[in-house]
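Residues per chain are reported as follows:
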Amino acid sequence: MIIFFEPNTNPSNLAQLQLHLKQQGFESNYISSENCCIVPGLKQTTSLQQFTFITRLQQIDTAYQLASKEFKAEIQFEVNGILMGTHFANIIAGPCSVESEEQIFETAAFLSKNGIRFMRGGAYKPRTSPYSFRGLGKEGLRLMGQAAKQYNLSIVTELMDLSLLDEVMQYTDIVQIGSRNMANFYLLAELGKINKPVMLKRGMQAKVNEWLLAADYILSGGNKNVILCERGIRSFDPMSRNVMDIAVIPLVQSLSHLPVIADPSHGTGSASLVPALSMAAMVAGANGLMIEIHPNPAKALSDAHQAMTFEGFEKLLKDINRLQPFIQKPIDVNLSVV
Ligand code: PEP
Ligand code: MN
């Protein structure tokens with residue numbers, strides 16, 4: 001049960017309500033950003049009539065509450081003047097990792113030439129092997145920051161650990177939480193307190209329910225701007241890196257107001273498969289794409305096999321433009337000039 005109350009409800013009134021609920025055996029989770037309390041298991045509400053500051057009661061039957069479509073039908077927010085949310089599509093592209101000044105400036109110039117507004121790039125990389133390239137760290141953030149500034153791009157980069165929060169927040173516009181950290185609940189709870197959107201990737205083995213509950217960890221801390229990112233799930237078949245779940249896009253959109261961006265680069269692991277999956281995701285209603293590109297994919301220090309060339313990416317943008325009649329959302333890139 002969700003109990004909503006008047007925006008400026010006196011804290012002592014709230015404390016009385018919480019005490020009343022506790023006496024009946026219910027824990028209440030106060031969500032200040034939404035002027036409500038989430039009270040799991042509460043069904044009998046007649047005794048609440050004495051609390052005149054209560055404006056509304058809402059029963060949401062799913063385990064996740066704040067991420068649900070019943071809680072909120074839609075969401076819209078701006079990142080450096082670019083609209084994102086339930087009814088928008090945004091294209092994010094860039095290298096898996098920031099590798100050098102030359103690489104990131106070349107990429108930024110290319111993105112800007114094509115009207116792309118968001119640049120991705122990892123500075124702190126989650127790598128399976130500790131002996132692989134793990135990113136340039138702070139220097140990578142600094143280089144990406146400079147390139148983004150010069151070309152008027154917004155940054156999406158991954159936060160791996162709470163100890164790096166201040167550093168990453170200094171440069172990024174959207175905080176990416178990677179697949180491996182989707183279930184790092186203490187990290188997610190802290191992201192509820194920040195004032196930048198969080199892009200929450202689906203855990204590689206996460207059920208939809210678990211993914212949406214992970215979003216609730218962020219939302220319940222007060223951060224309303226969560227973007228979900230489908231990046232494929234693990235399967236038994238080594239033929240593709242992951243199984244890119246296109247069906248989950250409309251499925252999650254039927255359950256949640258949160259935008260769902262598709263990442264066909266990690267979803268497939270192969271640059272040759274990215275165009276088909278990108279187009280499929282957009283027609284399936286995705287709120288955009290996140291795609292790995294590299295000025296010289298063969299030389300990429302991470303995820304080389306899935307990085308698209310600049311030419312390939314330009315062609316993909318043209319193909320997406322041709323699909324515009326089937327895409328129901330405005331895209332943040334003017335594709336007709338690409
Ligand atoms: C990434 O986007 O670079 C990345 C590491 O993705 P994921 O967390 O989905 O594996
Ligand atoms: Mn990658």
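Coordinates for the structure precede this section.
Scoring rules and cut-offs
- Residues numbered from 1 in each chain as written.
- Chains lettered and ligands numbered in written order.
- Predicted model: local features only at pLDDT ≥ 70, side-chain atom pairs only at ≥ 80, totals over all residues.
- Heavy atoms only, no water.
- Buried < 20%, exposed > 50% of the residue type's maximum accessible area, 1.4 Å probe, protein only.
- Helix = DSSP H or I, 4+ residues; strand = E, 2+ residues; numbered from the N terminus.
- Arc of directions from axis to C-beta.
- Contact = heavy atoms within 4.5 Å.
- Donors = N, O, S within 2.8 Å, 3.2 Å for Na, K, Ca; no water.
- Near = heavy atom within 4 Å.
- Polar contact = N/O pair within 3.5 Å; in protein donor to acceptor, adjacent residues only side chain to side chain.
- Areas by Shrake-Rupley, 256 points an atom, 1.4 Å probe, with all protein chains shown as cover.
- Nonpolar A, V, L, I, M, F, W, Y, C, P; charged D, E, K, R; others polar.

Take helix α7 (residues 248-255) next. When we look at burial in α7, the residues that qualify are Val-248, Ile-249, Val-252 and Gln-253. Projection of α7 onto a plane perpendicular to its axis shows the buried side chains occupying an angular sector of 130°, all on one side. The elements touched by buried residues of α7 are α6 (208-219), β12 (226-230), β13 (260-262) and α9 (274-283).

The next thing to look at is the coordination of the manganese ion (ligand 2). Geometry sets the ideal angles at a metal, namely 109.5 degrees for four tetrahedral donors and 90 or 180 degrees for six octahedral donors. Taken together, Cys-96 (SG), His-266 (NE2), Glu-292 (OE) and Asp-303 (OD) make up the full set of protein donors to the manganese ion (ligand 2), lying 2.0 to 2.4 Å away. Going along the chain, you hit the donors of the manganese ion (ligand 2) in the pattern C-x169-H-x25-E-x10-D. Here Cys-96, found in the loop between β7 (90-94) and α2 (101-113), pairs with Asp-303, found in the loop between β14 (288-292) and α10 (310-322); they are 207 residues apart in sequence, far enough to count as distant. In this pair, the class of Cys-96 matches that of Asp-303, namely buried.

Moving on, we come to the site of ligand 1. Taken together, the neighbourhood of ligand 1 is formed by Arg-120, Lys-125, Pro-126, Glu-158, Gln-176, Gly-178, Ser-179, Arg-180, Lys-201, Arg-231, His-266 and Glu-292. Interatomic distance of 2.8 Å between a backbone N/O atom of Ser-179 and an oxygen atom of ligand 1. For ligand 1, the accessible surface in isolation is 290 Å², of which the surrounding protein chains cover 97%. Of the residues that constitute the shell around ligand 1, the class distribution is 1 nonpolar, 4 polar and 7 charged.

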